[in-house]
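# Structure assessment
Now for the letters of each chain:
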Amino acid sequence: MPDPVMPDRVTINEVGPRDGLQSQSRILPVAERLQLIRALEAAGISRIEAGSFVSPKAVPAMANTDLLLESLDRQGPANYSFLIPNMKGYELARDAGAESVTMVVYASETMARRNARMGMEDAERAAWKIIDLARADGIEVIVIVAVSFGCPFEGAVDSAIVNNIAARFVEAGIHRLVLADTIGAADPAQVGALLASLAGDHGPGVFGCHFHDTRAMALANVYAALQAGIRWFDSSIGGLGGCPFAPGASGNVATEDVVVMLQQMGMKTGIDAARLLEASDLATELTGTAPGGRVRNWLRGQLNS
Ligand code: COA
Ligand code: ZN
């Protein structure tokens, strides 16, 4: 029986084509990245982080995202967003025709410097400039707060830092702010407390969560955030994922695990689990790595019986 405070409609933002592929040892050609995106769309996924506009020297797997974007049908079934670390990324995304970008800001100084080679404040300043330009360009901006729950370099992150970042963006009318557990350090008590406090201050509707499963708590963290009213979750097909600049980070929470949990609890995602399994198999085939989705075998058994 679903908890009455639980939302019944949840948006899954599939990040496998970006977070999932960026640190794979096998670099997928654009045609295969597109094939994965098509399989995800066929499963009914409506939001996809399709790639990033970053230095191809820093992240070779995300090179040619402009060509990928060109091949995506803008009238297709999904909305695509593209991760950007700086103004140059914004300009490249805009020039390639992106309709949504996901700009990264940071809850820790060291992570900001390691990932974007600028300080927290400079990254935030760049985000504000991008938001201004994007408003004029008619482009949606999602802001993602990296290392919101723990930093690989600085350890525990003070929730006051995240609260302050959130207050600045939400009060300025940002349309979505996603709190990322970049290295998978969060636990459900911490997630519940932070999200309940943010939802209490600003309402839950603007927030999203992005969990990695390093300590096997990602699904529990999704549940904790759901209880705080969060209805937007980043997840990655097959549990692929990880940041090349955040030591120790493992894959994202697997999309199939989140979808099956939500559906079993009576919530709607608009996603077909059988088709999702096909996308998960394709992700394994293309990357050559074992997916982390733990529901996979059970799901396959159900579909075959
Ligand atoms: N897209 C493409 N190229 C970019 C870029 C972007 N968003 N930002 C910088 N570059 C290029 C520059 O053109 C320059 O290229 P060159 O060596 O051929 O001249 C090179 O990167 C370094 O430029 P510089 O201005 O010194 O960049 P920087 O040192 O301030 O920042 C980063 C470089 C951090 C933006 C770059 O390393 C990067 O894109 N990192 C990836 C971050 C990421 O994807 N993390 C994982 C997801 S959170
Ligand atoms: Zn991530």
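Scroll up to find the structure.
Residues numbered from 1 in each chain as written. Chains lettered and ligands numbered in written order. Predicted model: local features only at pLDDT ≥ 70, side-chain atom pairs only at ≥ 80, totals over all residues. Heavy atoms only, no water.

In this section: the pairing of strand S10 (residues 232-235). In S10, alternate side chains face the same way, and those of Trp232 and Asp234 on one face and Phe233 and Ser235 on the other are all buried. As judged from the 2 bridges shared by strand S9 (residues 207-211) and S10, these two strands associate in the parallel manner. Residue pairing for S10: His210 is matched across the bridge by Asp234. Regarding the hand of the β-α-β motif, the stretch spanning S9, helix H9 (residues 218-227) and S10 is right-handed. (Buried < 20%, exposed > 50% of the residue type's maximum accessible area, 1.4 Å probe, protein only. Helix = DSSP H or I, 4+ residues; strand = E, 2+ residues; numbered from the N terminus. Pairing = 2+ DSSP bridges. Right-handed = clockwise from strand over helix to strand, strands pointing away.)

Around ligand 1 sit 19 residues, and of these Ser55, Asn86, Lys88, Asn115 and Arg117 come closest. For ligand 1, a nitrogen atom lies 3.0 Å from a polar atom in the backbone of Phe53. Within the side chain of Lys88, an N or O atom sits 2.8 Å from an oxygen atom of ligand 1. In isolation ligand 1 exposes 910 Å². Once the protein is present, 68% of that is buried. Contributing elements (two or more residues each) for the shell around ligand 1: helix H1 (16-22), helix H4 (87-96) and helix H5 (109-116). Take the shell around ligand 1: its biggest share by element is 3 residues, from H4. Considering only residue class, the shell around ligand 1 consists of 10 nonpolar, 5 polar and 4 charged. (Near = heavy atom within 4 Å. Polar contact = N/O pair within 3.5 Å; in protein donor to acceptor, adjacent residues only side chain to side chain. Areas by Shrake-Rupley, 256 points an atom, 1.4 Å probe, with all protein chains shown as cover. Nonpolar A, V, L, I, M, F, W, Y, C, P; charged D, E, K, R; others polar.)

Okay, the coordination of the zinc ion (ligand 2) next. Reference values for angles at a metal are 109.5 degrees in the four-donor tetrahedral case and 90 or 180 degrees in the six-donor octahedral case. The protein atoms that coordinate the zinc ion (ligand 2) are Asp19 (OD), His210 (NE2) and His212 (NE2), at distances spanning 1.9 to 2.2 Å. Judged by its relative accessible area of 3%, Asp19 falls in the buried class. (Donors = N, O, S within 2.8 Å, 3.2 Å for Na, K, Ca; no water.)

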